[in-house]
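Architecture and fold: a report
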Amino acid sequence: KAGVTQTPRYLIKTRGQQVTLSCSPISGHRSVSWYQQTPGQGLQFLFEYFSETQRNKGNFPGRFSGRQFSNSRSEMNVSTLELGDSALYLCASSFRTPGGSGANVLTFGAGSRLTVL
Amino acid sequence: AQSVTQPDIHITVSEGASLELRCNYSYGATPYLFWYVQSPGQGLQLLLKYFSGDTLVQGIKGFEAEFKRSQSSFNLRKPSVHWSDAAEYFCAVIPGGYSTLTFGKGTMLLVSP
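Cut-off values and rules
Throughout, residues of each chain are indexed from 1 in the direction in which the sequence is written. Chains and ligands are labelled sequentially in the order written, the chains with letters from A and the ligands with numbers from 1. Restriction of local features to residues with pLDDT of at least 70 applies here, the model being predicted, together with a cutoff of 80 or more for giving and counting side-chain atom pairs; totals for whole chains, interfaces and linings are based on all residues. The side-chain values count all of the structure's non-hydrogen atoms but skip hydrogen atoms and water molecules. Only DSSP runs of H or I reaching four residues or more are called helices, and only runs of E reaching two or more are called strands; each is numbered from the N terminus. All radius of gyration figures rest on C-alpha atoms, and the globule criterion is 2.2 Å times the number of residues raised to 0.38. We call a residue buried when its accessible area falls under 20% of the maximum for its residue type, exposed when it is over 50%, and partly exposed in between, using a 1.4 Å probe and counting protein chains only. Contacts are assigned to residue pairs that have any heavy atoms within 4.5 Å of one another. Here, any two strands with at least 2 DSSP bridges between them count as paired. In this description, the term disulfide denotes a pair of cysteine sulfurs within 2.5 Å. In this description, buried area is defined as the sum, over both parts, of the accessible area (probe of 1.4 Å) that is lost when the two are combined. By salt bridge we mean one thing: a side-chain nitrogen of Lys or Arg within 4 Å of a carboxyl oxygen of Asp or Glu. Nitrogen and oxygen atoms within 3.5 Å of one another constitute a polar contact, given that in protein one can donate a hydrogen and the other can accept it, and given that sequence-neighbouring residues count only through two side-chain atoms. Side-chain classes are defined by residue name, with Ala, Val, Leu, Ile, Met, Phe, Trp, Tyr, Cys and Pro counting as nonpolar, Asp, Glu, Lys and Arg as charged, and the others, Gly among them, as polar. Here, the term nonpolar core denotes a set of buried Ala, Val, Leu, Ile, Met, Phe, Trp, Tyr and Cys residues that are joined through side-chain atoms within 4.5 Å.

**Here we look at the overall build of chain B**
Helix and strand counts for chain B stand at zero helices and twelve strands. Overall, chain B shows an N-to-C arrangement of helices and strands of β-β-β-β-β-β-β-β-β-β-β-β. Relative to the compact-globule value of 13 Å for 113 residues, chain B shows a C-alpha radius of gyration of 13 Å, a close match. Counting only C-alpha atoms and orienting by the principal axes, one finds that chain B spans roughly 40 × 30 × 20 Å. Burial analysis of chain B (113 residues in total) assigns 44% to the buried set. For chain B, the share of sequence-separated contacts (at least 6 apart) that also reach a separation of at least 24 residues comes to 53%.

This is the structure:
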């Protein structure tokens, strides 16, 4: 069973540009979450999608956006990049559904390492 | 404020020695509790989780964790550390319901020969 796949793994952008990151969840998983990991702030929640709808959102500016497609694949976009956006962006999927019982056990991908120059 | 605390930023353990990584949380009710491990350049791998029941949970790679309600703690242990255990370890919680996973700042484990 394939794991969570994130592309690209590494990318370099300059300030002011925008970037799109892609995430393919585990087959059968319909919930996708995104996290930003930096040395200073650690792991911070960005947003979560289920059935193409954003279910939860973290405390990030509007430059950070995401979407989910009907096949559960997800993308996140960061516009007008800033130096502080340099980070490892992690995607995770789960089979948990809104209103379902039990905890949301996340399986993470290897991440996309973004460097902003 | 609700939080997850890992008081040790770095820990160095000799290979073959025992390990205990600390985690405390501050939530009103018992949350769902997790430990993840991250090797350099990799994503996060789930080591173990606690939802309810037996307070001592077994995970992968020989790790275990004990939930102590009275101390709001969920410490990770391993009887004998191997050099391949060197990585960063994250404690994480879900407060309950359909809420998001919140991580501690992590503990970097270094294994000395």
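Having seen the model, we can carry on.
**Let's talk about the pairing of strand E8 (residues 74-78) of chain A**
Residue and element names in this part refer to chain A. Counting buried positions along E8 yields five of five residues, so the element is predominantly enclosed. Here E8 shows a buried face lined by Ser74, Met76 and Val78 and a second buried face lined by Glu75 and Asn77. Relative to E8, strand E3 (residues 19-24) runs antiparallel, the two sharing five bridges. Looking at E8, one finds that Leu21 is bridged to Met76. Across five bridges, strand E7 (residues 64-68) lies against E8 in antiparallel orientation. Across the sheet, the residue bridging to Gln68 is Ser74, located in E8. Adjacent in sequence and paired antiparallel, E7 and E8 are bridged by five residues, among which Ser72 carries a positive phi angle near 75 degrees.

**Some words on the state of the cysteines**
All names here are of chain A. Under the defined criterion, the tally for this structure stands at two disulfides over all chains. For Cys23, the disulfide goes to Cys91, at an S-S distance of 1.8 Å. The S-S bond linking Cys23 to Cys91 shows a torsion near -60 degrees; that makes this disulfide left-handed. Residue Cys23 is found in strand E3, and its partner Cys91 is found in strand E9 (residues 87-94); the two are separated by 68 residues along the sequence. Accessibility classification places Cys23 together with Cys91 in one group, the buried group.

**Considerations on the environment of A:Arg73**
Following the sequence through the fold, A:Arg73 ends up in the loop between E7 and E8. The contacts of A:Arg73, once residues within four sequence positions are left out, are A:Ser22, A:Cys23, A:Ser24, A:Pro25, A:Arg67 and A:Gln68.

**Digging into the interface of chain B and chain A**
Taken together, the contact pairs 19 residues of chain B with 26 residues of chain A. Each partner contributes to the roughly 1700 Å² buried at the junction of chain B and chain A, and carbon and sulfur atoms together form 58% of this total. Here chain B is connected to chain A by zero salt bridges. At the junction of chain B with chain A, the criterion picks out five residue pairs in polar contact (both at pLDDT 80 or more). Breaking the side of chain B that touches chain A down by element, the ones donating at least two residues are strand E5 (32-38), strand E6 (44-50) and strand E10 (87-94) of chain B. Residue contributions to the side of chain B that touches chain A peak at four residues, all from E5(B). When the residues that make up the side of chain B that touches chain A are grouped by side-chain class, the tally is eleven nonpolar, six polar and two charged.

**Here's the deal with the side chain of B:Ser73**
All names here are of chain B. Structurally, the position occupied by Ser73 is in strand E9 (residues 73-78). According to the relative accessible area criterion, Ser73 is buried, its value standing at 4%. With near-sequence residues (within four places) excluded, Ser73 lies in contact with Cys23, Asn24, Tyr25, Glu66, Phe67 and Lys68.

**Comments concerning the nonpolar core**
Counting 27 residues, the largest nonpolar core has B:Leu19, B:Trp35, B:Leu47, B:Leu48, B:Phe74, B:Leu76 and B:Tyr89 as its most contacted members. Looking at this core, the elements that each hand over two or more residues are strand E2 (10-14), strand E3 (19-21), E5, E6, strand E8 (64-68), E9, E10 and strand E12 (107-112) of chain B. Top element by residues in this core is E10(B). It accounts for four residues. Sequence-distant contacts of B:Leu47, defined by excluding residues within four places in its chain, comprise B:Trp35, B:Tyr36, B:Val37, B:Gly59, B:Ile60, B:Lys61, B:Phe63, B:Leu76 and B:Tyr89. Counting residues in hydrophobic clusters, the runner-up holds 21 residues, among them A:Leu11, A:Leu21, A:Ile26 and A:Phe64.

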